[in-house]
Structure formats: structure tokens, C-alpha cells
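Reading the structure
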Amino acid sequence: QAIEHCTAYVHGDDLAPYMSVHAARRLGAALQAIDKAKQNMGHVDRWLTVMGRKPPSPELAQTALTADAQVKPIEGGPILYMPVKQILWFVKDNTQVQQSAKNVTYMMCDPLEFGKLSVLMSKDGGKDHVPQTYETV
């Protein structure tokens, strides 16, 4: 009954909601596939892509998006989800130059579907986890 009255809040690229043994296994599979796929790239292209100066090739992007799909939950490493009715995910609107509470959009998410998402790797993952960012929104 309590779950029916609970909402979880996720701010931006907060890493914590994605962390579980299953998510770490999926991340490992994706990183391994990307590492293998990047062998076809030259050193300069690889460096420019890593630094965000050049977009990844369509093949590399597809590898990154699909490599973890074959990883299935195992005993002791299930898919974890937040025991709430819904998740309110505050997503940064990157169309604005400055970030503030005024340019944050949100979406309602199903906890079971949210738990299936890949680990979100972002430079803001740790910063978006601290209470101050939640209080700002």
C-alpha cells in the first residue's frame, strides 16, 4: 500500500539510480564491445571522439547502444528497481546556455522500465547526485 503513495525523484544525470550488479555487468559488456569496435579507428579519430570533438561513427554508436542487450540477470545480480509508484525524472534542457530550475524539464517514468535502462555515463553523474542539486530544482 505504501508504494502506491511514493514517488522517487531523479535529477539530471544522477548515477546512483542506475547502480546495481546487473547494471555493472551490462556496462562492462558495452565497454568491452566498444573497446573491440574502436580498434578499427585511427588514433586521431579515437582521441577526437573520446574528447567529444567528433561524433562517433554510426557503427560505434550502434555498438554502444546495443552491446548490453544480451546480458541477462543472474542469481545474486537481478535487475533492481525503485519500490515506488512512479519516478519523476528532472531532465536538463540542453537547448539553454545556462542551467537553472527554470530550464529543467521532467518526465514521469515507470520504475520497472527505468530499472532496465543502461547505466548513464556522464561527466555530471556524481555532481547531479548531491542533495544541493535536488534542492535547486
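Being a predicted model, the structure only gives us computed values, none of them experimental. Position numbers for residues start from 1 in each chain and track the written sequence from start to end. Confidence filtering applies because this is a predicted model: local features only for residues at pLDDT of at least 70, side-chain atom pairs given and counted only at 80 or more, and all residues used for totals across whole chains, interfaces and linings. Hydrogens are left out, water is left out, and the side-chain values use all remaining heavy atoms of the structure.

1. Concerning the packing of aromatic side chains
Remark: the centre distance and the inter-plane angle together describe each pair of aromatic rings, the angle taken between the planes. This is how the line gets drawn: Pairing of aromatic side chains here covers Phe, Tyr and the six-membered ring of Trp, requires ring centres within 6.5 Å, and sorts the geometry by plane angle: under 30 degrees stacked, over 60 edge-to-face, intermediate tilted. Numbering of helices and strands runs from the N terminus; a helix is a DSSP stretch of H or I covering at least four residues, while a strand is a stretch of E covering at least two. Each residue's exposure class comes from its accessible area (1.4 Å probe, protein chains only) as a fraction of the maximum for that residue type: buried when under 20%, exposed when over 50%, partly exposed otherwise.
Evaluated as defined, the whole model comprises two aromatic pairs. Judged by centre distance (6.4 Å) and plane angle (15°), the rings of Tyr-9 and Phe-90 are stacked. Highlighted residues: Tyr-9 in strand E1 (residues 7-11) and Phe-90 in strand E2 (residues 86-92), separated in sequence by 81 residues. Classification of Phe-90 by relative accessible area gives buried; the value is 18%. Their ring planes at 85° and their centres at 5.2 Å tell us that Trp-89 and Phe-114 sit as a pair that is edge-to-face. With Trp-89 in strand E2 and Phe-114 in helix H4 (residues 111-114), the pair connects residues that are 25 residues apart, well separated along the chain. Take Trp-89 and Phe-114: they sit in the same class, and that class is buried.

2. Focus on the pairing of E2
To keep things clear, this is the line we draw: Only strands joined by at least two bridges in the DSSP assignment are considered to pair.
With respect to burial, E2 is a largely interior element, five of its seven residues being buried. Where E1 meets E2, five bridges bridge the pair, whose relative direction is parallel. If you follow His-11 over to E2, its bridge partner there is Phe-90.

3. Considerations on the layout of surface pockets
Which entries qualify depends on this criterion: Lining residues are defined by having an atom within 4 Å of a point belonging to a cavity or pocket. Those points lie on a 1 Å grid over the protein atoms alone, cavities being sets where a 1.4 Å probe fits but cannot get out and pockets being open sets with protein on both sides within 12 Å along at least five of seven lines. Grid points are joined across faces, edges and corners, and a volume is the space filled by probe spheres set on the points. Polarity classes work like this: nonpolar for Ala, Val, Leu, Ile, Met, Phe, Trp, Tyr, Cys and Pro, charged for Asp, Glu, Lys and Arg, and polar for all others, with Gly in that last group.
Reported here for the largest pocket is a volume of approximately 400 Å³. The wall of the largest pocket is formed by 14 residues, among which Ala-64, Ser-118, Val-119, Leu-120 and Met-121 lie closest to the centre. Top contributing element to the lining of the largest pocket by residue count: helix H1 (residues 21-37), with five residues. Looking at the lining of the largest pocket residue by residue, the class counts come to nine nonpolar, two polar and three charged.

4. Looking at the pattern of salt bridges
Note the following rule: A pairing counts as a salt bridge when a side-chain nitrogen of Lys or Arg comes within 4 Å of a carboxyl oxygen of Asp or Glu.
Under the defined criterion, the tally for this structure stands at five salt bridges. Lys-85 is the partner of Glu-4 in a salt bridge, and the nearest nitrogen-oxygen pair spans 4.0 Å. In this pair, Glu-4 is assigned in the segment before E1 and Lys-85 in the loop between helix H3 (58-66) and E2, connecting sequence segments 81 residues apart. Note on Glu-4: relative accessible area 48%, which makes it partly exposed. The partly exposed category is assigned to Lys-85, whose relative accessible area is 45%.

5. Section: the confidence of the model for the protein chain
As a reminder of what qualifies: Confidence scores here are pLDDT values: one per residue, from the predictor, ranging 0 to 100.
Taken over all residues, the pLDDT of the protein chain has a mean of 82, while the share at 70 or more is 91%. Looking across the protein chain, the model is least confident in helix H5 (residues 131-136), with a mean pLDDT of 73, and most confident in helix H2 (residues 43-50), with 90.

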